Protein chains: 2
Amino acid sequence: MPNVGGHLSRDFEAELRELRSRLLAMGARCEQAIHLAVTAFLERDLGRVQEVVALDARIDRDEMEIDELALHMLALRQPVADDLRFITTTLKCVTDLERIGDEAVNLCERVGEIALAPAVPPHPELAEMSAAAQSMLREALDAFVERDADRAEAVLRRDPEVDALYGRVLREVFAWMRLHPDEIPAGQAVASAAKYVERVADHATNLAEQVVFMVRGVDVRHRRSERPRP
Amino acid sequence: MPNVGGHLSRDFEAELRELRSRLLAMGARCEQAIHLAVTAFLERDLGRVQEVVALDARIDRDEMEIDELALHMLALRQPVADDLRFITTTLKCVTDLERIGDEAVNLCERVGEIALAPAVPPHPELAEMSAAAQSMLREALDAFVERDADRAEAVLRRDPEVDALYGRVLREVFAWMRLHPDEIPAGQAVASAAKYVERVADHATNLAEQVVFMVRGVDVRHRRSERPRP
């Protein structure tokens, strides 16, 4: 039965609210996981790693629970139009969120590689990259639950800023490795850490693109890849 | 109206067949894009790059068209049970496929970085990694459209093989960079190329995990991340 009638409609509204609040909670955990992982990396502190691994496991459960709720709503409430699009967009967005948890764990694996290294290249941009990626993630999710395309577009405009910071890290790491050929693995660990943070910003960008598509029906997901880049 | 009644049901079956054939076509294009991009890299041949960029644009359109068909089916046919799960899994899988196209373009960007380099570290494993990733992708998609969980599980068992090859590439690249500190960017390009191929295998693994979940209702997506890895 479609989503009409008082009782069913009230249930459906309650489920939509539940879906939104679970998404925001999952997003907050992703933000925290990245924050902790980057802090562990900057402080070369292996003590925080277990906390990130536990958060990632919780994020994985979030994905499964949100998928299940979304499937339940599709099967029993048979939503149409905007609600249908909101639910199918949710199915896509949790995949990006879940992978942010994976990036946090990836980052933690690099902490072990630099914790005992005698020297590590400077990487002052990493904290700034991480703050930008976290704020893009938060904004993209708020835009999603508010169905606010303008706010999502503001997120899209910030991706080049993170890419530029990443480019700077890489150039500095290469210059450092050239002078410290015995410490190439430590340099590589810093390059990888920056890459993971840059990927978090990419996931936030993907989320924002989905929001614009959901609200405006205009697909902006592939504007970037339509430019021949090489 | 639910999926009952002769006429509607025939339409629905036709749409399901269409969805399957579009998915397979998209997957075949992803396979071709990776094959071309790795060949361009191995042969340091910039001539193939435009072809990969065009394929990636086609893959992006595939994603949008498949999403649209899936949404249409959810809205108008209101499928339940297995069919609902097949369609929602499709929505998730096209995201992984689309990102395989992106990895192919990423790989091409690295071709420019090594094309003019005076020396490049040896990377004999790259072709093997690429062949494995392509075959995992093909198998995962076949398992998906056949709803065959055994076949999907066979894909999952192959991921460590690609990870091991990637580890070998990295170790060789680091050793090479140590001896060629002036050629660190070329070494980095090879490491990145191997990483992109490894990520294609990861996407194929994600697809296979989705298939197992769809068929068995058992979520194997997060077994890996439940082990504390660092």
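Use the structure listed above.
Before going into details, it helps to say that this report is about the structure given with it. Bear in mind that the values here come from a model prediction, so they are computed numbers and not experimental data.

1. So, the overall build of chain A
Thought 1: Within chain A, the regular secondary structure consists of 8 helices and 0 strands.
Thought 2: Along chain A, helices (α) and strands (β) appear in the sequence α-α-α-α-α-α-α-α when read from the amino end.
Thought 3: With the C-alpha coordinates of chain A rotated into their principal frame, the extents come out at 70 × 40 × 20 Å.
Thought 4: Within chain A, the proportion of its 230 residues that are buried is 58%.
Thought 5: By sequence separation, contacts in chain A at least 24 residues apart represent 82% of the contacts at least 6 residues apart.
Thought 6: As displayed, chain A offers around 9100 Å² of accessible surface, 52% of which is attributable to carbon and sulfur atoms.
Thought 7: Computing the positive centroid from 30 side-chain charges and the negative centroid from 42, chain A places the two 3 Å apart.

2. Comments concerning the interface of chain B and chain A
Thought 1: Between chain B and chain A, the contact holds 48 residues from the first and 48 residues from the second.
Thought 2: Summed over both sides, the interface of chain B with chain A buries roughly 4500 Å², with 58% coming from carbon and sulfur.
Thought 3: Linking chain B with chain A are 8 salt bridges.
Thought 4: The partner of Asp67(A) in a salt bridge is Lys92(B), with the nearest N and O atoms 3.2 Å apart.
Thought 5: Across the contact surface, chain B and chain A share 10 residue pairs in polar contact (both at pLDDT 80 or more).
Thought 6: Listed by contribution, the elements that provide at least two residues to the side of chain B that touches chain A are helix H2 (49-77), helix H3 (81-115), helix H6 (159-179) and helix H7 (184-216) of chain B.
Thought 7: Examining the composition of the side of chain B that touches chain A, we find that 15 residues originate from one element, H3(B), more than from any other.
Thought 8: Partitioning the side of chain B that touches chain A into residue classes produces 20 nonpolar, 10 polar and 18 charged.

3. A short note on helix H5 (residues 149-156) of chain B
Residues and elements named next belong to chain B.
Thought 1: Within the sequence span of H5, burial applies to Ala149, Ala152 and Val155. Buried residues of H5, viewed axially, fall in a sector of 110°; they line one side.
Thought 2: Looking at the buried side of H5, the elements it contacts are helix H4 (125-146), H6 and H7.

4. Here's the deal with the environment of Leu137(A)
Thought 1: Note that Leu137(A) resides in helix H4 (residues 125-146).
Thought 2: Setting aside residues up to four positions removed in sequence, Leu137(A) forms contacts with Gly27(A), Cys30(A), Glu31(A), Leu97(A), Ile100(A), Ala204(A) and Leu207(A).

5. Side note on the state of the cysteines
Residue and element names in this part refer to chain A.
Thought 1: Counted according to the given criterion, the structure contains 0 disulfides over all chains.
Thought 2: The thiol of Cys30 is unpaired, and the distance to the nearest cysteine sulfur, on Cys93, comes to 11 Å.
Thought 3: Here Cys30 falls in the buried class, since its relative accessible area comes to 0%.

6. Description of the pattern of salt bridges
Charged atoms that come close allow side chains of opposite charge to pair.
Thought 1: Enumeration according to the criterion identifies 46 salt bridges over all chains in this entry.
Thought 2: Its salt-bridge partner being Arg48(B), residue Glu43(B) comes within 3.2 Å of it at the nearest N-O pair.
Thought 3: Among the charged side chains, a salt-bridge network with shared partners connects Asp11(A), Glu15(A) and Arg77(A).

7. Focus on H7(B)
Thought 1: Taking 1.5 Å per residue as the helical rise, H7(B) with its 33 residues ought to reach 48 Å, and the 47 Å between its terminal C-alpha atoms agrees with that figure.
Thought 2: Following H7(B) by one or two positions, Gly217(B) has its phi on the positive side, about 70°.

8. Some remarks on the relation of the copies chain B and chain A
Thought 1: Mapping chain B onto chain A leaves a residual RMSD of 0.0 Å; the transformation is a rotation of 180° accompanied by 0.0 Å of translation along its axis. In symmetry terms, the pair is related by a two-fold rotation axis.
Thought 2: Both copies contact each other with a shared surface, as 100% of the interface residues of chain B are interface residues in chain A too.

9. Side note on the packing of aromatic side chains
Thought 1: Enumeration according to the criterion identifies 2 aromatic pairs over all chains in this entry.
Thought 2: Over the ring of Phe213(A) we find Arg85(A), and its NZ or CZ is 5.2 Å from the ring centre.

10. Focus: the packing of helix H2 (residues 49-77) of chain A against H3(B)
Thought 1: Relative to each other, H2(A) and H3(B) sit at 130°, their axes nearing to 11 Å. On the basis of the axis angle, H2(A) is oblique to H3(B). When the axes of H2(A) and H3(B) are compared, the crossing they make is right-handed. Here Glu63(A), Asp67(A), Leu71(A), Leu74(A) and Ala75(A) of H2(A) come into contact with H3(B), specifically with Leu84(B), Arg85(B), Thr88(B) and Lys92(B).
Thought 2: Considering only residue class, the contact of H2(A) with H3(B) consists of 4 nonpolar, 1 polar and 4 charged.

Quick notes on the rules
Residues numbered from 1 in each chain as written. Chains lettered and ligands numbered in written order. Predicted model: local features only at pLDDT ≥ 70, side-chain atom pairs only at ≥ 80, totals over all residues. Heavy atoms only, no water. Helix = DSSP H or I, 4+ residues; strand = E, 2+ residues; numbered from the N terminus. Buried < 20%, exposed > 50% of the residue type's maximum accessible area, 1.4 Å probe, protein only. Contact = heavy atoms within 4.5 Å. Areas by Shrake-Rupley, 256 points an atom, 1.4 Å probe, with all protein chains shown as cover. Lys, Arg positive; Asp, Glu negative; His and termini not counted. Charge placed at Lys NZ, Arg CZ, Asp CG, Glu CD. Buried area = accessible area lost by both parts, 1.4 Å probe. Salt bridge = Lys/Arg side-chain N within 4 Å of Asp/Glu carboxyl O. Polar contact = N/O pair within 3.5 Å; in protein donor to acceptor, adjacent residues only side chain to side chain. Nonpolar A, V, L, I, M, F, W, Y, C, P; charged D, E, K, R; others polar. Arc of directions from axis to C-beta. Disulfide = S-S within 2.5 Å. Expected span 1.5 Å × (residues − 1). Least-squares fit on C-alpha atoms with pLDDT ≥ 70 in both. Phe/Tyr/Trp six-rings, centres within 6.5 Å; stacked < 30°, edge-to-face > 60°. Lys NZ or Arg CZ within 6 Å of the ring centre and 35° of its normal. Axes fitted to C-alpha atoms, helices over the stretch in contact; angles between N-to-C directions. Parallel < 35°, antiparallel > 145°, perpendicular 65-115°, else oblique. Left-handed = near helix turned anticlockwise from the far one by under 90°.

By themselves, these observations are geometric and do not establish any function.
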